[in-house]
Amino acid sequence: MALEKYLKTKDFSVSKETFELLLDDRIDLLVTNPRPNKEDLAKYYDTEDYISHTDRKRSITDRVYGFVKKITLNHKLEMLDAFDIQEKTILDIGCGTGDFLNVCQQAGWNVTGIEPSEKARNKALEKLRKDTYVYSDVHAFFEDDFAGEVKDFDYKQSYKQTKLYHHSEYELKNVEDEVLKFKEDYTPEHKTYQFDVITMWHVLEHVHDLDKYIYRLKQLLKPGGVLVIAAPNYKSYDAEFYQEHWAGFDVPRHLWHFSQTAIHRLFSTEFMKVVKTVPMKFDAFYVSLLSEQYKNGKKNFFKAIYRGVKSNLKAKRTGEYSSLIYVLKNM
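Bear in mind the structure is a predicted one, so any value in this text is a computation, not a measurement. (Residues numbered from 1 in each chain as written. Predicted model: local features only at pLDDT ≥ 70, side-chain atom pairs only at ≥ 80, totals over all residues. Heavy atoms only, no water.)

Here the focus is the overall build of the protein chain. Secondary structure assignment for the protein chain yields 9 helices and 15 strands. Taken over 331 residues, the protein chain has a buried fraction of 54%. Summarising the internal contacts of the protein chain: among those between residues at least 6 apart in sequence, 69% fall at separations of at least 24. Of the roughly 16500 Å² that the protein chain leaves accessible, carbon and sulfur atoms contribute 49%. (Helix = DSSP H or I, 4+ residues; strand = E, 2+ residues; numbered from the N terminus. Buried < 20%, exposed > 50% of the residue type's maximum accessible area, 1.4 Å probe, protein only. Contact = heavy atoms within 4.5 Å. Areas by Shrake-Rupley, 256 points an atom, 1.4 Å probe, with all protein chains shown as cover.)

All right, on to the side chain of Asp 28 then. Mapped onto the elements, Asp 28 comes out in the loop between strand E2 (18-24) and strand E3 (29-33). A polar contact of 2.6 Å, which involves the side chain of Asp 28, links it to the side chain of Tyr 234. Not counting chain neighbours up to four residues away, the residues in contact with Asp 28 comprise Leu 23, Tyr 234, Lys 235, Ser 259, Thr 261 and Ala 262. (Polar contact = N/O pair within 3.5 Å; in protein donor to acceptor, adjacent residues only side chain to side chain.)

Before going further, it helps to spend a moment on the sheet that holds strand E4 (residues 89-93). Overall, mixed pairing links the 7 strands, which are arranged E6-E5-E4-E11-E12-E15-E14 in an open sheet. Among the strands making up the open sheet, the edge pair consists of strand E6 (133-135) and strand E14 (272-279). Put simply, the sheet's adjacent strands are angled 20° from each other on average, direction ignored. Set on the sheet, helix H5 (residues 210-220) makes contact with E4, strand E11 (195-201), strand E12 (221-232), E14 and strand E15 (323-330); between it and E12 the angle comes to about 140°. (Pairing = 2+ DSSP bridges. Axes fitted to C-alpha atoms, helices over the stretch in contact; angles between N-to-C directions.)

Throughout the structure, instances matching the rule amount to 9 aromatic pairs. With 4.7 Å between their ring centres and 10° between their planes, Phe 12 and Tyr 294 make a pair best called stacked. Separated by 282 residues along the polypeptide, Phe 12 in the loop between strand E1 (4-10) and E2 and Tyr 294 in helix H8 (residues 281-296) bring together distant segments of the chain. Between Tyr 133 and Tyr 135, the ring centres sit 5.7 Å apart and the planes meet at 5°, which makes this aromatic pair stacked. A connected cluster of aromatic rings, assembled from ring pairs, spans Tyr 237, Phe 241 and Tyr 242. The aromatic ring of Phe 100 is capped on one face by Lys 76, whose charged end is 5.9 Å from the ring centroid. The cationic tip of Arg 307 hangs over the ring face of Phe 241; the distance from NZ or CZ to the ring centre is 3.6 Å. (Phe/Tyr/Trp six-rings, centres within 6.5 Å; stacked < 30°, edge-to-face > 60°. Lys NZ or Arg CZ within 6 Å of the ring centre and 35° of its normal.)

For the rest of this paragraph, the subject is the sheet that holds E2. In spatial order, the strands read E1-E2-E3-E13; together these 4 strands make up an open sheet with antiparallel pairing. Each having just a single partner strand, E1 and strand E13 (256-257) make up the two edges of the open sheet. Inspection of the sheet shows E3 paired to E13 by 2 bridges, in the antiparallel sense. When the sheet's bridge partners are listed, Leu 30 is paired in E13 with His 257.

What follows is about helix H7 (residues 260-268). Within H7, burial applies to Ala 262, Ile 263, Leu 266 and Phe 267. For H7, the angular spread of buried residues about the axis comes to 110°, placing them on one side. Among the structural elements, E3, H5, E12, E14 and E15 are those in contact with the buried residues of H7. (Arc of directions from axis to C-beta.)

The subject of this paragraph is helix H9 (residues 301-318). Between its first and last C-alpha, H9 extends 25 Å over 18 residues, near the 26 Å set by a 1.5 Å rise per residue. Listed as buried for H9 are Ala 304, Arg 307, Gly 308, Ser 311, Asn 312 and Ala 315. Summarising the axial view, the buried residues of H9 lie within an arc of 135°, below the 170-degree limit, and thus occupy one face. The exposed residues of H9 that point more than 90 degrees off its buried face are Phe 302, Leu 313, Lys 316 and Arg 317. Turning to H9, the residues buried within the fold contact helix H6 (237-242) and H8. Positive phi shows up at Gly 319, right after H9, with a value of about 85°. (Expected span 1.5 Å × (residues − 1).)

What follows is the structure, given as C-alpha cells:
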C-alpha cells in the first residue's frame, strides 16, 4: 500500500515540530506522519492553549469559542432529543470539562463520559451529579478490573474474526477471546454497558488505534443505536485556502484527517451506516480565526469572518463544510 505525500505542516500551538500529511487515496483519508507513540502524545496537549481542557475566557479566541459553545450545546441536545430512543443512555467520548454532559443530564439523559485529561475530567465531575462516571479511556470498559468486586461475569460475544486496517498492512486478527464485561444483573435483554447514543465531538481524529477504536464503538453501541461524530473536513474551502496553516489539521494531536468518503468507508466495515450529515457552520469562522494567526502571526477578525462566510457559501453548493456532524446508525 502506497501513501502519497499531500503537504507539510507544523504544530503551531505547542512543539513547533514539522509533520507530513499522507494521502490514502483508497478511502480519501489523510494520515499524520510521523505518528507519535501513545506515551508521547500527552506532551502535545500540555498547554493552556488547548481550550477544550479548560474553561478559560482570556483571549478573543477563548470568548468566541465560549460563545459558539453555548449556542451549539443546545443544538446538539435538540439533535439527540429528535432520536427515537426510550432509555436515553448516552456515552460522550472526549467530554472535556463536561458542559455537554451537564446539559444532557439536566434534560433527563443518563450520562457517562470518557476524558483522558485528568484536569478536564475533574472539572467535568464538579458540574455533574455525584453518581456520574467519567472514565479515562474507552478501553476501561474492557479491562479485567473494571467491574470491581463483581464475582461472576457474563460476556458479550465478539466477532470471531475481524479485518483491522492499520494503514500500513492488512492484518487478520483473531478476536475470539475479546470480551465485554457486564454487571451481575446482566441478561441478554439488559446490556449494562451498551448505550443508546455515543457522541464524539471532534474526538475521532485524536484516537491512536483507529480501527480498534471503531470496533470498540460497535461493541459499546446498542443494536439500532446512534453514533454521532463531529470532525474537521479537509475537503472544505477554508482548508483549501489556508493549506498548511489550516487550524483544522492541528498536528500531531489530529492523527487522522477525514473526508466524507473516509467516514462512510471506515464505518461501513462494522455495519454502521451514515444516515445524516449536518454542517457545523460556526467552525468555519473559528478555524479561520486560528488559521489567520498561524499564517500571518496575528488574529485578523475581519479576514476570518470573510473566509468563514465564503467557506459556508461554497459549501451550500458542494456540501463540504469546514466541519461536519455524521449521524450513524448501528445496523
